[in-house]
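Each chain, letter by letter, is given below.
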Amino acid sequence: MTDAFIRPDVQMILTMMEASDAPQMSDVTPVEAREMYNAMASMLEADAVEIARIEDISCPGPAGDIPLRLYDSQSERTEETPLVMFYHGGGFVIGDLDSHHSFCTYISKAMDLPVIAVDYRMGPEAPFPAAPEDSIAATRWVAENQETLKLKLSGLVPCGDSAGGNLTLVVGQALAIEPASVPIVAQFPIYPATRMDAEGGSMDEFAEGFVLTKESMEYFNSHYAPKDDNIRVSPYLGDVANSPPTVLVTAGLDPLRDQGREYAGELIKHGVNTTYIEMPGNVHGFINLRKAVPSAQMDVDKMIAAWKTLLEGL
């Protein structure tokens, strides 16, 4: 148990989930877990907002074409613009372009920026290093294909939640070592997984009953990368000092909270322009719970305001 603050609307959804007789994701196959996740998202997530441009496209990857989805609040752009590269969450096992579609429409409209979501390969069919390889390849392709995208890019901004937050940090580090033809100007990890060997603290305090469980994390890791010995599995092992300007967000009731806090601390310690925001009383996955947890929308807007502030200051 925990004595941490829990918001009333968060408590309602936790009580509802506890009373449900649905199986845990860790008790079903990955294919069934994906179906459960998308069904849950359709019930709990806010509706997509209307924007001018949504296109399903693809790019070459290490093992075939990588599906992408382009979002833009404007039907066409004549001036240079940053672009958000979005990598979805889901433990590297579940999630896809549709699970985070509503969120991508929202950030494109709220930021007035183009967004490209990446449908990277996942475990167990394609375990590590498939996800980071696809994410890096897609990001490089976007930088090199502005004419195809009908965009003039001033910079790229990796962004993602949970597993996608991990990929955000991995892409930021990889493209710091070998830059793409368009620079990474910022990164926006949302409750990121930064190390696979984390123990104690929030990992134990919120191990059960707060949406993401310790058991489900072990399930995801077993299908993706059970070893914590590579910087593209656990970016805390990499060169944190060369990270781009960062807004890092955590949730107060999240097993991953402490590793996000620690990573933000390392960024600050190494002199990286860093904004750290923790959303008290909210749970892992809140960006996909905005219908069920109305206060999560305020968290998303607070986060986006910080993103805008950072980009405006560059």
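All values derive from a computational prediction rather than experimental measurement.

(A) Spatial organisation of the packing of aromatic side chains. Following the criterion strictly, the structure yields seven aromatic pairs and no others. Taken together, a centroid distance of 5.9 Å and an interplanar angle of 85° make the contact between Phe128 and Tyr224 edge-to-face. Linking Phe128 in the loop between β4 (115–118) and α4 (130–144) with Tyr224 in helix α8 (residues 214–224), this pair joins segments that are 96 residues apart in sequence. Residue Phe128 is classed as partly exposed on the basis of its relative accessible area, which comes to 23%. The exposure class assigned to Tyr224 is buried, which follows from its relative accessible area of 3%. Relative to Trp307, the ring of Phe188 lies with its centre 4.7 Å away and its plane at 5°, an arrangement referred to as stacked. Highlighted residues: Phe188 in strand β6 (residues 188–190) and Trp307 in helix α10 (residues 294–312), separated in sequence by 119 residues. Trp307 matches Phe188 in its accessibility class, with the two residues each being buried. Taken together, the ring pairs connect Phe92, Phe128 and Tyr224 into an aromatic cluster. Directly above the ring of Tyr236 sits Arg195, whose terminal nitrogen or CZ lies 3.8 Å from the centroid. Lying across the ring of Tyr106, Arg290 places its NZ or CZ 5.0 Å from the centre.

(B) Quick peek at unusual backbone geometry. In this structure, the amide linkage connecting Gly123 to the following residue, Pro124, adopts the cis form with an omega of 5°. Position of Pro124 relative to the elements: it lies in the loop between β4 and α4. Residue Phe128 is joined to Pro129 through a cis peptide bond whose omega torsion reads 15°. By the secondary structure assignment, Pro129 is in the loop between β4 and α4. Even without a glycine there, the phi angle at Phe92 is positive, about 65°. With respect to the helices, strands and loops of the structure, Phe92 is situated in the loop between β3 (81–87) and α3 (101–111). What makes Phe92 buried here is its relative accessible area of 2%.

(C) Seen up close, the pattern of salt bridges. Scanning all chains against the criterion turns up 18 salt bridges. Its salt-bridge partner being Glu45, residue Arg290 comes within 3.1 Å of it at the nearest N-O pair. Of this pair, Arg290 sits in the loop between β8 (274–279) and α10 while Glu45 sits in the loop between α2 (30–44) and β1 (53–61); the two residues are 245 residues apart in sequence, bridging distant segments of the chain. Judged on exposure class, the residue Arg290 and its partner Glu45 are both buried. Salt-bridge contacts for Arg257 lead to Asp258; the nearest nitrogen and oxygen are separated by 3.0 Å. Three or more residues are tied together by salt bridges with common partners; here these are Glu205, Arg257, Asp258, Arg261 and Glu278.

(D) Seen up close, the packing of α4 against helix α6 (residues 163–177). Direction vectors running N to C along α4 and α6 enclose 60°, while the axes themselves pass 10 Å from each other. One way to sum up the angle between α4 and α6 is to call them oblique. Here α4 and α6 pass one another in a crossing that is right-handed. For the pair α4 and α6, contact is made by Ala131, Pro132, Ser135, Ile136, Thr139 and Arg140 and by Leu167, Val170, Val171, Ala174 and Leu175, respectively. Classifying every residue of the contact of α4 with α6 gives eight nonpolar, two polar and one charged.

(E) Representation of the nonpolar core within the structure. Ranked by size, the top nonpolar core spans 44 residues in total, and within it Phe103, Phe188, Phe286, Met303 and Trp307 carry the most contacts. Of the residues forming this core, the biggest block, eight residues, is contributed by α10. If sequence neighbours within four positions are ignored, Met303 has contacts with Phe103, Ile190, Val249, Met279 and Ile287. Core analysis: the next-biggest nonpolar cluster, separate from the first, contains 35 residues, Leu70, Leu83, Tyr120 and Ile184 among them.

(F) Local environment of the pairing of β8. In this structure, strand β7 (residues 246–251) lies alongside β8, joined through six bridges in parallel fashion. The partner of Val249 across the bridge, within β8, is Ile277. Since β7 and β8 lie parallel, the crossover through helix α9 (residues 257–269) that links them has a hand, and here it is right-handed.

(G) Looking closely at the pairing of β1. In this structure, β1 lies alongside strand β2 (residues 64–72), joined through nine bridges in antiparallel fashion. Paired with Arg53 across the bridge in β2 is Asp72.

(H) Local environment of the environment of Gly164. With respect to the helices and strands, the residue Gly164 is situated in helix α6. On the basis of relative accessibility, which here comes to 0%, the residue Gly164 falls in the buried class. C-alpha separation for the pair Gly164 and Pro132, spaced 32 residues apart in sequence, amounts to 9.6 Å. Not counting residues up to four positions away in its chain, the partners in contact with Gly164 are Tyr87, His88 and Gly89.

Calculation rules
- Throughout, a residue's number is its position along its own chain's written sequence, starting from 1.
- Local features in this predicted model are restricted to residues whose pLDDT is 70 or higher, and side-chain atom pairs enter the listing and the counts only when it is 80 or higher, whereas totals over whole chains, interfaces and linings include all residues.
- Calculation of side-chain values draws on the structure's entire complement of heavy atoms; hydrogens and water are dropped beforehand.
- Stacked, tilted and edge-to-face are the three classes assigned to paired rings of Phe, Tyr and Trp, where Trp is represented by its six-membered ring and a pair needs centres within 6.5 Å; plane angles under 30 degrees give stacked, over 60 edge-to-face, the rest tilted.
- Numbering of helices and strands starts at the N terminus; helices are DSSP runs of H or I of at least 4 residues and strands are runs of E of at least 2.
- The classification of residues rests on relative accessible area computed with a 1.4 Å probe and restricted to protein chains. Under 20% of the type maximum is buried, over 50% is exposed, and intermediate values are partly exposed.
- Should the NZ of a Lys or the CZ of an Arg lie within 6 Å of a ring centre and within 35 degrees of the ring normal, that charge is described as sitting over the ring.
- Any Lys or Arg side-chain nitrogen located within 4 Å of an Asp or Glu carboxyl oxygen qualifies as a salt bridge.
- Only C-alpha atoms enter the line fits that serve as axes; for helices the fit covers just the stretch in contact. Angles between N-to-C directions range over 0 to 180 degrees.
- Oblique is the label for any angle not covered by the other classes, which are roughly parallel (under 35 degrees), roughly antiparallel (over 145) and roughly perpendicular (65 to 115).
- Handedness of a crossing is defined here by the sense of rotation of the near helix relative to the far one, left-handed for an anticlockwise turn of less than a right angle and right-handed for a clockwise turn.
- In what follows, residue pairs with any heavy atoms lying within 4.5 Å of each other are defined as contacts.
- In this classification, the charged set is Asp, Glu, Lys and Arg, the nonpolar set is Ala, Val, Leu, Ile, Met, Phe, Trp, Tyr, Cys and Pro, and all remaining amino acids, among them Gly, are polar.
- Each nonpolar core is a collection of buried residues, namely Ala, Val, Leu, Ile, Met, Phe, Trp, Tyr and Cys, held together in the definition by side-chain atoms within 4.5 Å.
- At least two bridges found by DSSP between two strands is the condition for calling them paired.
- A crossover counts as right-handed when, viewed with the strands pointing away from the observer, the path leading from the first strand over the helix to the second turns clockwise.

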